[in-house]
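If you want the building blocks of each chain, they are given just below.
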Amino acid sequence: MPVRLGVIGCGKIYGTHCDAIGGIDGAELTAVYDIIPDRTAEAAGAYRAHGAANLADLWEHVDAVTICVPSGLHAEVGIEAARAGKHVLVEKPVDVSLEAAQRLVDECRQCGVKMGTVSQHRFARKMRKLHDAAQANELGPLVQGDAYIKWYRTQAYYDSGDWRGTWALDGGGCLMNQGVHYVDMIQWIMGGVKAVQAQVRTAAHSIEVEDTAMALVEYRNGAVGVIQGSTSCYPGFAERLEVHGRHGSVILEGDRIKFWDIDPEGAEAGFYGGGVMMQPTPSRHTHEMQPDEENARDTSANWGEQHRLQIEDFVRSIEEDREPFITGEMSLEPLKVILAIYESARDGGRRVEIA
């Protein structure tokens, strides 16, 4: 029997989830629900699913749910699903407060249901390749890791939902809503964040929360870096990660490799041979500039396909009775980083350590 999935919340992202479920063997979209009845009816018709009248009705038709409601309601809805015995996959961020997020993680564990949080970029092949190389010390001891998310959103985007751009339900702006993905990527690749010092601004929109943010980051391994997020950089640019080790550097842009250069033997001799930098031998280089045609063939870098890969992993975790690739506990880490950035900014850029 296929795993029966329901989608809760039929706003901007729900179609991506529904389309992804439709592309997974062993999964079936059986029900949808939104607090606005017209949205429920429209979604049910578009995807030939049961349009639930309420959550109690939805539970009768599903084994698991993906939660696409405003961020500040993720834990509330997820806890109700867990108590109904349904597996829970929640959109990013896991919630807007650490306390609510932890309650959701704990409740799912106590109810014996699977829980994951959407962080679909971890399913990009080049992202995993960089993570594995960094954590296997292929770049040498890590020195610096930077994330740049210079996107653009119009005022109309924020005006399109009364929850957008609010502290209560969006939980923040360019970091909590948009930048959370790449905050997660850089902290995952670098092995976790120890402390931040930050400044944030509301520079170009009429909203409660920030549309511009910058943080100096210290990672747990002693490396440093920068996290820069924005929704005010017209016309918007591809997100970019830059990771530097003592004998290698990698740059990803739009989840695709732009630069990959590792010289373990030559650089190791320079850095560990009395501190004198030596010229590396060219034959020792592992150098990669990704051809455009190869980038084009990498479907794992595409929007939508990453969601399909993550939801497929979630379905398999149910079938195989194992943890999802991205667990609820893992999703607490980027939330901790973003909340620490906000705390630092409120206190004039004070250094904030992360437990």
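Here is a short report on the structure shown in this document. (Residues numbered from 1 in each chain as written. Predicted model: local features only at pLDDT ≥ 70, side-chain atom pairs only at ≥ 80, totals over all residues. Heavy atoms only, no water.)

## Thoughts on the pattern of salt bridges
Rule in force here: By definition, a salt bridge exists where a carboxyl oxygen of Asp or Glu is found within 4 Å of a side-chain nitrogen of Lys or Arg.
Throughout the structure, instances matching the rule amount to 23 salt bridges. Several salt bridges share partner residues, and in doing so they unite Glu305, Arg308, Glu312, Arg316 and Glu319 into one network.

## A closer look at helix 11 (residues 305-320)
To keep things clear, this is the line we draw: Note on conventions: DSSP H or I runs of at least 4 residues are helices, E runs of at least 2 residues are strands, and numbering of each starts at the N terminus. Helices are assigned an expected span. That span is 1.5 Å times one less than the residue count. Here's how the labels work: a residue is buried when its accessible area is under 20% of the maximum for its type, exposed when over 50%, partly exposed in between, all with a 1.4 Å probe on protein chains only. Contact between two residues is taken to exist if any of their heavy atoms lie within 4.5 Å; hydrogens are not considered.
Between its first and last C-alpha atoms helix 11 spans 22 Å; for 16 residues at 1.5 Å apiece the expected length is 22 Å, and the two agree. Regarding helix 11, the residues found buried are Gln306, His307, Arg308, Gln310, Ile311, Asp313, Phe314, Val315, Arg316, Ser317 and Ile318. Next to the buried residues of helix 11 lie strand 1 (3-8), helix 1 (14-22), strand 2 (27-33), strand 4 (64-67), strand 5 (87-90) and strand 6 (115-117). With its phi angle positive at about 50°, Asp321 sits one or two positions after the end of helix 11.

## Things to note about the nonpolar core
To keep it simple, the criterion reads: Within this scheme, the nonpolar core is defined by two criteria: the residues are buried Ala, Val, Leu, Ile, Met, Phe, Trp, Tyr or Cys, and they are joined through side-chain atoms within 4.5 Å.
Counting residues in hydrophobic clusters, the biggest one holds 72 residues, and the most contacted among them are Ile8, Leu58, Met127, Leu175 and Val196. The leading source of residues in this core is helix 8 (residues 174-190), at 11 residues. Not counting residues within four places of it along the chain, the set of residues in contact with Leu175 comprises Val180, Val183, Glu210, Ala213, Ile227, Gly229, Ile338, Ile341 and Tyr342. Residues Leu89, Val118, Ile311 and Ile318 belong to the second largest nonpolar core, which totals 24 residues.

## Some thoughts on the packing of helix 8 against helix 12 (residues 328-346)
What counts is decided by this rule: Every angle, taken between N-to-C directions, lies between 0 and 180 degrees, and every axis is a line fitted to C-alpha atoms, over only the stretch in contact when it is a helix. Roughly parallel covers angles under 35 degrees, roughly antiparallel covers those over 145, roughly perpendicular covers 65 to 115, and oblique covers all other angles. Handedness of a crossing is defined here by the sense of rotation of the near helix relative to the far one, left-handed for an anticlockwise turn of less than a right angle and right-handed for a clockwise turn. Nonpolar residues are Ala, Val, Leu, Ile, Met, Phe, Trp, Tyr, Cys and Pro. Charged residues are Asp, Glu, Lys and Arg, and all others, Gly as well, are polar.
For the pair helix 8 and helix 12, the least separation of the axes is 9 Å and the interaxial angle reads 120°. One finds that helix 8 runs oblique with respect to helix 12. Between helix 8 and helix 12 lies a crossing whose hand is right-handed. Taking contact as the criterion, the partners of Leu175, Met176, Val180, Val183, Asp184 and Gln187 in helix 8 are, on helix 12, Glu333, Pro334, Leu335, Val337, Ile338, Leu339, Ile341 and Tyr342. Considered class by class, the residues forming the contact of helix 8 with helix 12 number 11 nonpolar, one polar and two charged.

## Focus on the packing of helix 4 (residues 74-83) against helix 5 (residues 98-111)
In contact at an axis separation of 9 Å, helix 4 and helix 5 are set at 10° when each is read in the N-to-C sense. In terms of orientation, helix 4 lies roughly parallel with respect to helix 5. The segment helix 4 lies against helix 5, with His74, Ala75, Gly78, Ile79, Ala82 and Arg83 engaging Ala100, Arg103, Leu104, Glu107, Cys108 and Cys111. Across the contact of helix 4 with helix 5, the residue classes tally to seven nonpolar, two polar and three charged.

## Notes on the sheet that holds strand 6
Rules: Strand pairing requires that DSSP identify at least two bridges connecting the strands.
Strands sit in the order 3-2-1-4-5-6 across an open sheet of six strands; the sheet is parallel. If you trace the sheet from one side to the other, it starts and ends with strand 3 (50-51) and strand 6, each paired once. Across four bridges, strand 1 lies against strand 4 in parallel orientation. If you follow Gly6 over to strand 4, its bridge partner there is Val65.

## Examining unusual backbone geometry
In this chain, Lys92 is followed by Pro93 through a cis amide linkage whose omega measures -20°. Note the cis peptide between Tyr234 and Pro235, where omega equals 0°. Tracing the sequence through the fold places Pro235 in the loop between strand 10 (224-230) and strand 11 (240-245). Of note in the backbone geometry, Arg48 takes a positive phi value of approximately 50° without being a glycine. Taking relative accessible area as the criterion, Arg48 reaches 82% and is therefore assigned exposed. The phi torsion at Asn137 lies on the positive side, around 70°, for a residue other than glycine. Taking the relative accessible area as the measure of exposure, Asn137 reaches 45% and is therefore partly exposed.

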